[in-house]
Amino acid sequence: MRNRGFFWFLTILLVVISVYQVSFTFVSNSVEKKVEKEVENELGDYKELASKTGDTIVIDGILIDFRKPEGEENARTALINKKLKEKGDAPVYPVLGSSFSTVKKRSMAFGLDLVGGMSVTMEINIPEMVKNFARSERDSKFRKAFDAAMGEYTVKGGDFIKIFSQKHKQINKNVPLVSLFSLVDNEELNIKSTDEEVVKFLNDRVKSSMNGIEEIIDRRVNQFGVSQPNIQKDEQNNRLYVELPGVQDEKTVAEQLQSTANLQFFETYTGQEIARNWADAVTLSTQKEAAVVEETDTTATGDSTATLSLDNLGDLSNTGTKGLGELVVPVGENPFMAFATIEDRTLVDQILARNDIRQTFPEDLKFMWSSDPEALEKKPGYFLYAIKVPASGKARVGGKDIQKATPDVNDRGQRTVNLRMTTEGSEKWALMTSENVGKAVAITMDNIVYSAPVVQNAITQGNTEITGNFSFEEATKFAGLLNGGALPAPCVIKEQVKVGPTVGAENARSSMISFAVSLLVVLLYVIFYYGKAGRVASIVLIANVVFIFGTLASFGAVLTLAGIAGIVLSFAMAIDANVLIYERVREELSAGKDQATAINEGFRKSLNPIIDANVTSLLTAIVLKLLGSGPIESFAITLIIGIFTSVFSALVITKLIFDIQMRRGKTISFDIKMTKDAFKNVNIDFAGKRKTFYIVSGLVVAASLGALFTKGLNPSVEFSGGRTYVVKFDESIKGDLNQLEQNIRKSFNSSEASIVLKTKNNSYNVEIVTNYLLGNESANGQVVNKLEDAFKAGKDKWGGYKIMESRTVSPTISEELTRSSIWAVVASLAIMFGYIFFRFGKWQYSVGAVASLAFTVVVILGIFSVFNGILPFNMDVDQAFIAAILTVVGYGINDTVVVFDRIRENLGYGNQVINTKEINLALNSTLSRTFNTGASVIFVLLIMLFFGGSPIRGFIFAQLIGVIVGTYASIFIATPVLIDLSKKEK
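Residues numbered from 1 in each chain as written. Predicted model: local features only at pLDDT ≥ 70, side-chain atom pairs only at ≥ 80, totals over all residues. Heavy atoms only, no water.

- The name an unreviewed UniProt entry gives the protein chain is Multifunctional fusion protein, with Taishania pollutisoli as the organism.
- According to its UniProt record, the protein chain has this under Function (unreviewed entry): "Part of the Sec protein translocase complex. Interacts with the SecYEG preprotein conducting channel. SecDF uses the proton motive force (PMF) to complete protein translocation after the ATP-dependent function of SecA." (UniProt positions renumbered as here; feature names shortened; annotations may be inferred.)

**As for the overall build of the protein chain**
Then step 1. Across its full length, the protein chain carries 33 helices and 26 strands.
Then step 2. C-alpha extents for the protein chain along the principal axes are approximately 105 × 65 × 65 Å.
Then step 3. Intrachain contacts of the protein chain at a sequence separation of at least 6 include 76% that bridge at least 24 residues.
Then step 4. Here the protein chain contributes 103 positively and 106 negatively charged side chains, and the mean placements of these two sets differ by 8 Å. (Helix = DSSP H or I, 4+ residues; strand = E, 2+ residues; numbered from the N terminus. Contact = heavy atoms within 4.5 Å. Lys, Arg positive; Asp, Glu negative; His and termini not counted. Charge placed at Lys NZ, Arg CZ, Asp CG, Glu CD.)

**With respect to the confidence of the model for the protein chain**
Caution applies to low-pLDDT regions: their predicted coordinates should not be interpreted in detail.
Then step 1. Taken over all residues, the pLDDT of the protein chain has a mean of 83, while the share at 70 or more is 90%.
Then step 2. Mean pLDDT values over the elements of the protein chain span from 43, in helix α11 (residues 310-313), up to 94, in helix α22 (residues 690-710).
Then step 3. pLDDT under 50 marks residues 293-320. Its contacts with residues more than four places away, or in other chains, come to 41 contacts. (pLDDT = per-residue confidence, 0-100.)

**A short note on the sheet that holds strand β18 (residues 463-466)**
Then step 1. With respect to topology, three strands assemble into an open sheet ordered β14-β15-β18, the strand pairing being antiparallel. Each edge of the open sheet carries a strand with a single partner, namely β14 (402-409) and β18. When the angles between neighbouring strand axes are averaged without regard to direction, this sheet yields 25°.
Then step 2. In the sheet, strand β15 (residues 415-421) pairs with β18 via four bridges, with the strands oriented antiparallel. Bridge pairing in β18 places Asn418 opposite Glu465. (Pairing = 2+ DSSP bridges. Axes fitted to C-alpha atoms, helices over the stretch in contact; angles between N-to-C directions.)

**What about the pairing of strand β2 (residues 62-65)?**
Taken residue by residue, a regular strand's side chains alternate between the two faces of the sheet.
Then step 1. In this structure, strand β1 (residues 56-59) lies alongside β2, joined through four bridges in antiparallel fashion. Residue pairing in the sheet places Ile57 in a bridge with Ile64 of β2.

**A few points about unusual backbone geometry**
Then step 1. At the junction of Asn334 and Pro335, the peptide bond is cis and its omega measures out at 5° in the coordinates.
Then step 2. In this model, Asn174 sits at a positive phi of 65°, which is unusual for a non-glycine residue.
Then step 3. Tracing the backbone through its elements, the reader meets Asn174 in the loop between α7 (160-171) and α8 (195-222).
Then step 4. Located in the positive-phi region is Asp446, a residue other than glycine, with phi close to 55°.

**Observations concerning the pairing of strand β6 (residues 239-245)**
Then step 1. Here β6 lies mainly inside the structure; six of its seven residues are buried.
Then step 2. Across seven bridges, strand β4 (residues 117-124) lies against β6 in antiparallel orientation. Within β6, the position partnered with Glu123 by the bridge is Arg239.
Then step 3. Where strand β5 (residues 230-234) hands over to β6, the hairpin turn is made up of four residues, of which Asn238 adopts a positive phi near 55°. (Buried < 20%, exposed > 50% of the residue type's maximum accessible area, 1.4 Å probe, protein only.)

**Re helix α31 (residues 927-947)**
Residues three or four positions apart in an α-helix share a direction because the helix packs 3.6 residues into each turn.
Then step 1. When the terminal C-alpha atoms of α31 are compared, their 29 Å separation across 21 residues agrees well with the 30 Å that a helix rising 1.5 Å per residue should span.
Then step 2. Of all the 21 residues making up α31, 15 are buried; the element is thus mostly covered by neighbouring parts of the structure. (Expected span 1.5 Å × (residues − 1).)

**Quick notes on helix α33 (residues 974-981)**
Then step 1. Burial of α33 is extensive: six of the eight residues sit out of reach of the surface.
Then step 2. Among the residues of α33, Ala974, Thr975, Pro976, Val977, Leu978 and Ile979 are the ones counted as buried.

**Section: the packing of aromatic side chains**
Then step 1. With the rule as written, the count across this model stands at 42 aromatic pairs.
Then step 2. Stacked on the ring of Phe603, the Lys or Arg Lys655 has its end atom at 5.7 Å from the ring centre.
Then step 3. Taking NZ or CZ as reference, Arg807 lies 3.6 Å from the ring centre of Tyr241, over its face. (Phe/Tyr/Trp six-rings, centres within 6.5 Å; stacked < 30°, edge-to-face > 60°. Lys NZ or Arg CZ within 6 Å of the ring centre and 35° of its normal.)

**Topic: the side chain of Asn743**
Then step 1. One can find Asn743 in helix α24 (residues 737-748).
Then step 2. Among all residues touching Asn743, those that are not within four sequence positions of it are Ala790, Ala793, Gly794 and Trp798.

**With respect to a positive patch on the surface**
Then step 1. A cluster of basic residues, Lys532, Arg535, Arg663, Arg664 and Lys666, forms a positive patch at the surface.
Then step 2. Along the chain, Arg535 turns up in helix α18 (residues 532-555). (Patch = residues over 30% accessible without salt bridge, like charges linked within 9 Å, V, L, I, M, F, W, Y side chains within 5 Å. Areas by Shrake-Rupley, 256 points an atom, 1.4 Å probe, with all protein chains shown as cover. Salt bridge = Lys/Arg side-chain N within 4 Å of Asp/Glu carboxyl O.)

**With respect to the pattern of salt bridges**
Then step 1. Using the criterion set out here, one finds 41 salt bridges in the structure.
Then step 2. One salt bridge in this structure joins Lys83 and Glu38, with 3.9 Å as the shortest N-O distance. Here the residue Lys83 occupies a position in helix α2 (residues 71-86), and Glu38 occupies one in helix α1 (residues 4-51), the gap between them amounting to 45 residues.

**Re the packing of helix α29 (residues 879-907) against helix α30 (residues 916-925)**
Then step 1. Across the interface, α29 lies against α30 with an axial gap of 9 Å and an inter-helix angle of 135°. With respect to α30, the axis of α29 lies oblique. Along this stretch, α29 crosses α30, giving a crossing that reads as right-handed. In this structure, α29 contributes Val899, Arg902, Ile903, Asn906 and Leu907 to the contact, and α30 contributes Glu918, Ile919, Leu921, Ala922, Leu923 and Ser925. (Parallel < 35°, antiparallel > 145°, perpendicular 65-115°, else oblique. Left-handed = near helix turned anticlockwise from the far one by under 90°.)

Okay, structure coming up:
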C-alpha cells in the first residue's frame, strides 16, 4: 500500500479527534449524574427547611411548594439546574481542565423526540403592534385612548383592538380613528377610511403577522444548530408554540426568539443639550414623586444649559434619599453618556420612569442602555444614552434598509458586524449622516444601544460597521439575527418550560440500548461468517461508528430519530463495503491465487461498486441537504458524514490492518468451516423467471395501490394539526406514558387517530396532542369525555386529574416544508438517474434503478396502509416515517448499483448487448454479498423492533420492510427492467 505512513497518521489523527470530541459528552453526562446523586442526598434537608416556613421554599428563583404532588420533583429539577449553573466555570475535564459550560457546549445534543427540550409560548404583543402603526405615539389623543385601553386590557383581557377603538370613541369624540395612524407606506388606509376599516386593517395585520413570525422564528431557530424545532400556530389566541431540543443557554435563546431584530439608527443628545434637564432630574430624584400636569410643555430651551457642564452634573445630588446623582455618573459629552453599576441599573430605570422625571426631559428623548456590561473604575455596569426619537416613533433608517449583515474584524482587531444597505437605505443613510457630521448616531435594537459612533463624514457607499463589545460568537449570532429578518409584530414570551421526549424517556433509553446491542450482534455475526477477516471488519465498523459520532459532536449537530436512520444506513453501507471486499477476496482465493494477490485483487475489483454505490448515495444526500429541511436535512447530514467515514474505514483502515498482518507473515482467513462453501454452487435462472417476478410484483403493487386509494395513510398531528390538552395528574406518570397512550387509543376506538404524548415541566403534567375528530369543530367536548374515560381507567396508578389547558394547533410540518421535501426527493432521484446513466452509459440502468425504488416505496406505503390499526404500534405517517423511507431509498440505491456493477463487469464495459447468461452469473455471484449485507442490517432492525421503545417501532418496522423489499426489488425489479429495455444477445 502506497503512502502507508501518511494513512496511518491520518487514521490515528481521526480516531484521536473523534474520541476527543465524543469525550465531552461522556464528561458532561458524568458531571450531571454526579450532581443528580448530590441532589438526592440534599433533598431531604431542603424539605426539612421548607417545613419550618409553611412547606414552601425558593430554589434558584423558583417557588417550590412541597405540599403539592409535584413539589419534590420540581425541587429536584431546580436544585439540579442550580448546581449545574454553579459548576458553569468550574474545571471538570480531566487534564485539560475545561469548564462545565465549555464541556456542555461541546457535548452531543439530542432531539426533541429523544430527550425533549425547551418549550416557549410566544404571543403577539398587540398593544405594541398598534403603537407601531401610530402616527405619533406621543400624540395626546392617541396616548389617552391607548392608556385607557391598556388599563382595561391589563385587568380584564379581551380584544385589545376592539377596546382601543371603543376608548377612542369615548375620549376623542368625533375624531376619525384613522387620524391617529400613519398613512406612510400604507396602501390599505387613507384619510377617508372609516373607524371600522381601521379596525379591520389592524386585525388583518395581526393575522398576516402570524405567518411572517412563524417563518422568521424558524429561520432564527436554525441558527441554534441542526435542531429540528417544532413550531405550531394558534391563530385564535395569536400564539406560537416553539419547542427546541439541545438548548444549553435557555435565557439567551428566549431573548433572541422574542427580539424584534429591527436594527434602528437614531440621532442622539449631547451632554450640553440636556444638561439643565439632567440637573432638574437629579434634584427631583431625591424627592417623592410629584404630580404632573398632563399637557405641560417640557421642551428644553436653546440656552438653558449655558452655565452647566458634565463636570458638575454628577454633584447635583441631594439630601438623604439615593437619587440619580449618587446612582449615575455622567461620563460622555457627545453623545451624552452616563454610567450605572449592574446593581443600580434597575433603580435608575425606576427613577427615570417616574412621570415627574420624564416631564423634565424633551418629549422626543428616550434613554437606552448599552448592550453589554463594561467596567468603569473596576466596577462592572452599563452606559446610558440619550436618544432622539422622531415624532413618528420610527427611526429614519431601520432594519428594512439593511440588505446583509456580516461578522468581521476591523483594522484595530475589534470584532464587528458589517452592514450593507439596500439602494433606498443607502440614500437615507447618506442623508442622515450628512446632517449629523460631528455628532453621534446610535445603532440600536430592542431599545439596546450596540454602538454610538461619531459621524466623521457623510457615508454615501451604503456600508457601515457596528463595533460593539462582541466576541466572535456574539458577532455571528447578531449578524444572523439581522439576516433572519425583523418580526412583523412584537412578541412576548408567555411561558417557558421544559418538555419531555415525544418517544418517552424510558423508550428513548431502551431504543438506544437496543441499537448498541444490535450492533454488537452484527459484529459477532461478521466474525462468525468471515473468521479472522471478520475481526478486522469489526474493528473497522467500530472505528466507523466512532468517526460518525465524533464528527456529529464536532459539528454541534442534534441527533434525532431521523439522524439515527442516517446512521443505520451508513452502518449498512459500511458493512456492505467490507462484505464486497471480502467476497471478492474469497473469489480470488477460490481461483487459486495466493493471499497477497487475492487481497489486492479483491480491493481493486470491489473499488468500482463501492465508489459507485457511495457516490450515488452522496449525491442524493447532498440534494436532500440543500433542498430539504427538518427530518430530511437531519437524515442527509448524518448520511453524508457516514458515507465519507464508511468509505475511508473500508478502503483505508481495512487495507492498513491487512498489510500489517501480511508483513508479519500471518494468514488471514475469510471464512470458517461452516461458511467456506456458502453460496458457491448456487445457480438460479433469474433472467428466465423474470415474467413470474413481474406477475408477483404486479399483484403486490396492485394490492398496495388498492389499499392506498381505499384506506389511505394515517397522517400524524405533525401533518394534520390537532387539539392539544395539558393534563395535571395527582401522581407521577413517569414510566407510564405508554400505558396512558394505550388507554387513550382504547377509549378513542379509532385506528386513524394520531396521538402524541410528552411530559411538560415535570412528570405530573402531560401534554396530549391528537387529531381525533379534528374535522368536527364542535367535537372538543366529545374528545374531552373520551380522554377522561382513559384517565379514569388508570386512576389507581395516577390518581385524580385536571385538564389545565386545551387549544387547537396547526401542523408542525408546514405546506412549505412538505413542498420542499417533495422537491428534494424528486431532485435527488433525478441526480441519481443522471449519475447512473453517466457511469453505466445506458439509460436502461437508470430506469431499472428508479423502477426498483418506486416499487419499494409503493409497497411500504401499502403495507402501512393495510396494517395501520392492526399491528400493536404507531404507524402514523410522521417525520420519523419520512426518515425511514429515505433510509430505504438509500439502501435500495446502494443494493441496485452493486448488482449493476457486477452485471456491467460480466458483460464488459461499453457493451450495449445484454447476455442473460452473464446476468444470471452476476446475480448468483453477488448473492452471498446480498445475503450478508441484508442479514446484518435486518439483525440490527429486528433487535430494535422487539427490544426498543414502543413509539419508535413503526419507524423501525418501515426500515425493516424497506430493506427486505428493497433487496427483492434490486434483483427482481431493477434487473428484469434492464433486460427487457435493452438489446438482448440472440
